[in-house]
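Listed below, chain by chain, are the residues.
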Amino acid sequence: MLKVAVLVSGGGTNLQAILDSVDDGVITNAEISLVISNKPEAYALERAAKKNIPSAVLVPKDYRTRELFGEELIKALQNAKIDLVVLAGYLVILPANFVQAYEGRMINIHPSLIPSHCGAGYYGLKVHESVLARGNKVTGATVHFVDEGTDSGPIILQKAVEVEDGDTPEILQKRVMEQAEWKILPEAINLIANGRIEIVDNLVRRVDR
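Bear in mind the structure is a predicted one, so any value in this text is a computation, not a measurement. (Residues numbered from 1 in each chain as written. Predicted model: local features only at pLDDT ≥ 70, side-chain atom pairs only at ≥ 80, totals over all residues. Heavy atoms only, no water.)

Turning our eyes to something else, we now look at helix α6 (residues 169–193). Helix length check: α6, at 25 residues, gives a terminal C-alpha distance of 33 Å against a target of 36 Å (1.5 Å per residue), a fit within 8%. Of the residues trailing α6, G195 is marked for its positive phi of about 60 degrees. (Helix = DSSP H or I, 4+ residues; strand = E, 2+ residues; numbered from the N terminus. Expected span 1.5 Å × (residues − 1).)

Structure representation (structure tokens):
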């Protein structure tokens, strides 16, 4: 059974999609064992409490250095015996020691089709604002492994979503979540939990079982 930790900064809609997918059997051989937020008021913590999932609040500014913050994250994950870390709207610049400790065992959901509209400064509504400003007709979401770059790790899954006339960033954000994020993030977790993917030459490949 894969023990999963979900790191989240806000409402936790992707967390809820994961929890629902576990309940519905879309995700098998995995359990959500820990939820961590950098914001004590994050509604995601309430979602965890409703499911009796342990949670923790770790605020970066409470630590003298980023390395110490990273050490505290690592300690929390190790104490819970976490196998996979899922970044689900976690708006924190990750400490290098944390990334290195969970290399190949940490994934992220990004609300665009990487390599478009990604990298430093592209998060939340800013991504969708960029998509609309560029006039894209198609956008989507990407699940990828996390490395020391920004949105640069091996891609696991992508799903396209059409941009419609009259879209605002808020409307587009909601469509991307509903049509892409809430589908491919649980799917990626399920693939990992059941040993269905591997990284070869920095590319993700499916494994037949």
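Formed by 39 residues in total, the largest nonpolar core has its most connected members in V4, V86, I107, I156, L185 and I189. The biggest single contributor to this core is α6, with 10 residues. Those residues in contact with I156 that sit more than four places away from it in its chain are I107, V143, H144, F145, A188, I192, I197 and V204. (Core = buried A, V, L, I, M, F, W, Y, C linked by side-chain atoms within 4.5 Å. Buried < 20%, exposed > 50% of the residue type's maximum accessible area, 1.4 Å probe, protein only. Contact = heavy atoms within 4.5 Å.)

Under the defined criterion, the tally for this structure stands at 7 salt bridges. In this structure, D23 engages K51 in a salt bridge whose closest nitrogen and oxygen atoms are separated by 2.5 Å. With D23 in helix α1 (residues 13–23) and K51 in the loop between α2 (43–50) and β3 (55–57), the pair connects residues that are 28 residues apart, well separated along the chain. By relative accessible area, K51 is classed as partly exposed at 38%. Linking E164 and R175 is a salt bridge whose minimum nitrogen-to-oxygen distance equals 3.4 Å. Within this pair, whereas E164 is found in the loop between β7 (155–162) and α6, its partner R175 is found in helix α6, the two being separated by 11 residues in sequence. A relative accessible area of 10% places R175 in the buried class. (Salt bridge = Lys/Arg side-chain N within 4 Å of Asp/Glu carboxyl O.)

All told, the structure shown has 2 aromatic pairs when counted by the stated rule. For the ring pair Y63 and F69, a centre distance of 5.7 Å and an interplane angle of 45 degrees mean the geometry is tilted. On the accessibility criterion, F69 (1% relative accessible area) is buried. On the numbers, 6.0 Å between centres and 55 degrees between planes, the contact of F98 with Y102 is tilted. Judged by its relative accessible area of 0%, F98 is buried. Residue classification places Y102 among the buried residues on the basis of a relative accessible area of 3%. (Phe/Tyr/Trp six-rings, centres within 6.5 Å; stacked < 30°, edge-to-face > 60°.)

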